[in-house]
Amino acid sequence: MASSAKKARMEQFAGDGYDTWKVRIETLLAAHGVREAIEQDPPAELAALKRKRAFKAMDEMAKALLVSSIADSHLKYVQDKPTAKAMWASLANTFGKSGIAAQNSVVAPTSTVKVNVPTPKPLDTSLRSRRLMKELKEIEQSQHSRTEPCFTVELINDNLYEWHARLYRIDPDSPLAKDLVELNIPFILLHLVFPENFPFAPPFMRVVEPCIEKGFVMAGGAICMELLTPRGWSSVYTIEAILMQFASSVVQGQGRVSQNPKSSKYYSRRTAEKTFQTLVQTHEKYGWATPALKDG
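Numbers given to residues run from 1 along each chain, matching the order in which its sequence is written. Residue-level local features of this predicted model are given only where pLDDT is at least 70; pairs of side-chain atoms are given and counted only at 80 or more, and the full residue set underlies all totals for whole chains, interfaces and linings. Each side-chain value is derived from all of the structure's non-hydrogen atoms; neither hydrogens nor water enter the calculation.

Participant: I tried to follow helix α9 (residues 269-286) on my own but got confused; where do I start?
Facilitator: For an α-helix the count is 3.6 residues per turn, leaving residues at separations of three or four pointing the same way. Taking 1.5 Å of rise per residue, the 18 residues of α9 would be expected to cover 26 Å, and the 26 Å separating its terminal C-alpha atoms lies within 8% of that figure. Among all positions of α9, only Ala-272, Thr-275, Phe-276, Leu-279, Val-280 and His-283 are buried. Projection of α9 onto a plane perpendicular to its axis shows the buried side chains occupying an angular sector of 140 degrees, all on one side. Opposite the packed face of α9, turned more than 90 degrees from it, sit the exposed residues Arg-270, Gln-281 and Lys-285. It only takes one pair of heavy atoms within 4.5 Å for two residues to be counted as in contact. Labels follow the DSSP assignment, with helices taken as runs of H or I lasting at least four residues and strands as runs of E lasting at least two, numbered in each case from the N terminus. Against the buried residues of α9 lie β4 (204-209). Just past α9, the residue Gly-287 takes up positive phi, approximately 80 degrees. Expected span, for any helix, means 1.5 Å times one less than how many residues it has. Under the scheme applied here, a residue whose accessible area is under 20% of the maximum for its type counts as buried, over 50% as exposed, and between as partly exposed, the area being computed with a 1.4 Å probe on protein chains only. As used here, the arc belongs to the directions running from the helix axis to the C-beta atoms.

If you want it as structure tokens, here you go:
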């Protein structure tokens, strides 16, 4: 792995071999699930906010990959371009077969003097980013294909690693569903945070609103669900699977919307995280079964 990474850095585009570099960078963009960024324009002003955010995340990833694959001497061809598509067009117009450089037979000068010029730091292109970009794109496509989706997601402050999920549909015959209708509450709002080692570790998920009693929802909005613990987690689980499992368990646990107006103040991320840590430790000790009363 180390040797291949070094080779990739040595083959940064510096004016020569544009067609070969083009094939490599297209393959790289496709592997990260962001190749469409060099072909698509930003959504129109009237487009849905979630669509704009999804495009922005994809575009930022593509721009980072492009910048990291271009030599310092040639960053001037892309540094003022606002989108990955604009960067791509600038390089094609300059170095492609019909570009200015090709027409004038311009060969980028080389230097035998090594200059230690710091390279721009690319955005995070880790497995976590790639996985979340892929899931966000698939959820976005699924939402557009349904008139009434079961859930929707959106980035919080354009942060790829922190999401809000709105769960619109649970078992319509459940007491919780009836509570939501009677109280005119359109959805259950959930907060997801993805750790650095995701997808090999589970996200942290909590209920933000409304306040729910029982239903395996604990203090602060923490969720008692084995799937969300290190022991019960698997990297093959998708965000959709997590949300659907919660929709099932909150009904199975006879969840109800709290009628106590003061209960909302006890829902916070800090309280939820502490509660979740405690329940994980409890289940590590007793397993996923109710402990005997004498053991507390």
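Participant: Before we go on, may I ask you to explain the pattern of salt bridges in this structure?
Facilitator: Close approach of charged atoms allows side chains of opposite charge to pair. Any carboxyl oxygen of Asp or Glu within 4 Å of a side-chain nitrogen of Lys or Arg constitutes a salt bridge here. Per the stated rule, a full pass over the model turns up 15 salt bridges. Across the pair Glu-138 and Lys-134 runs a salt bridge, and its minimum N-O distance is 2.8 Å. With Glu-138 and Lys-134 both in helix α6 (residues 127-144) and 4 residues apart, the pair spans about one turn of that helix. Note that Arg-231 is salt-bridged to Glu-284, the shortest N-O span being 2.9 Å. With Arg-231 in the loop between β5 (212-213) and α8 (239-252) and Glu-284 in helix α9, the pair connects residues that are 53 residues apart, well separated along the chain. When its relative accessible area of 40% is taken as the criterion, Glu-284 is described as partly exposed. Through salt bridges with shared partners, one network takes in Glu-26, Arg-35 and Glu-39.

Participant: Even after reading the chapter, I still don't get the packing of helix α2 (residues 18-31) against helix α4 (residues 84-95), so can you show me in this structure?
Facilitator: Two packed helices can be described by the angle between their axes and the distance between those axes. Helix axes use the C-alpha atoms of the stretch in contact, all axes being lines fitted to C-alpha atoms, and the angles between their N-to-C directions lie in the range 0 to 180 degrees. Taken N-terminus to C-terminus, the directions of α2 and α4 make an angle of 160 degrees; their axes are 11 Å apart at the nearest point. On the basis of the axis angle, α2 is roughly antiparallel to α4. Two packed elements cross with a definite hand, and for α2 against α4 that hand is left-handed. In this structure, α2 uses Tyr-18, Trp-21, Lys-22, Ile-25 and Glu-26 to contact α4, whose residues at the interface are Trp-88, Leu-91, Ala-92 and Phe-95. Roughly parallel means an angle under 35 degrees; roughly antiparallel, over 145; roughly perpendicular, 65 to 115; everything else is oblique. Handedness of a crossing follows from how the near helix is turned relative to the far one, being left-handed for an anticlockwise turn of less than a right angle and right-handed for a clockwise one.

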